[in-house]
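Here's the letter readout for the chains.
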Amino acid sequence: MAAQTKLGDPKAAAAALLKVVDAEQPPLRVLSGVAPTHMVKNLYAERLQTWADWEQVSRRRRRRLTPPGADGEQIAVAADGDLLPPGLRS
């Protein structure tokens, strides 16, 4: 009979963590357990859908900088050609 992993099993958690640490290219973040993994997949699916729904609005306000003038200052211009107010220039 195969050994079963118990919920909150410190030995299993330690083994999983060591596997991450020993990886040639370890991930920046790791989820632990089935529930968090499922939750995060759903959350990010919702976020991706929201971003896709609003993509056209986001693209319309894309900024570009004009070439520097004689004084070296660049002016932020929105994708539609409008000059952006100073507070939005960065």
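### Topic: the overall build of the chain
Alright, step 1. Check the secondary structure of the chain and you find 3 helices and 2 strands.
Alright, step 2. Within the chain, the fraction of its 90 residues that count as buried is 7%.
Alright, step 3. A separation threshold of at least 6 residues defines the contact pool for the chain, and within that pool the share at least 24 residues apart is 9%.
Alright, step 4. If you sum the accessible surface of the chain, you get close to 8,300 Å²; carbon and sulfur atoms cover 59% of it.

### A word on the packing of aromatic side chains
Two numbers describe a pair of aromatic rings. These are the distance of the centres and the angle of the planes.
Alright, step 1. Summed over the entire model, instances satisfying the criterion amount to 0 aromatic pairs.
Alright, step 2. One Lys or Arg, R47, reaches over the ring of Y44 and ends 4.9 Å from the middle of that ring.

### Topic: helix α1 (residues 10-22)
Alright, step 1. Here α1 is 13 residues long and its end C-alpha atoms lie 18 Å apart, about the 18 Å a rise of 1.5 Å per residue gives.
Alright, step 2. Across the 13 residues of α1, 0 count as buried, placing the element largely on the outside.
Alright, step 3. Measuring from the backbone nitrogen of K11 back to the side-chain oxygen at the start of α1 gives 3.0 Å, which picks out D9 as the cap.

Basis of the calculations
Residues numbered from 1 in each chain as written. Predicted model: local features only at pLDDT ≥ 70, side-chain atom pairs only at ≥ 80, totals over all residues. Heavy atoms only, no water. Helix = DSSP H or I, 4+ residues; strand = E, 2+ residues; numbered from the N terminus. Buried < 20%, exposed > 50% of the residue type's maximum accessible area, 1.4 Å probe, protein only. Contact = heavy atoms within 4.5 Å. Areas by Shrake-Rupley, 256 points an atom, 1.4 Å probe, with all protein chains shown as cover. Phe/Tyr/Trp six-rings, centres within 6.5 Å; stacked < 30°, edge-to-face > 60°. Lys NZ or Arg CZ within 6 Å of the ring centre and 35° of its normal. Expected span 1.5 Å × (residues − 1). Polar contact = N/O pair within 3.5 Å; in protein donor to acceptor, adjacent residues only side chain to side chain.

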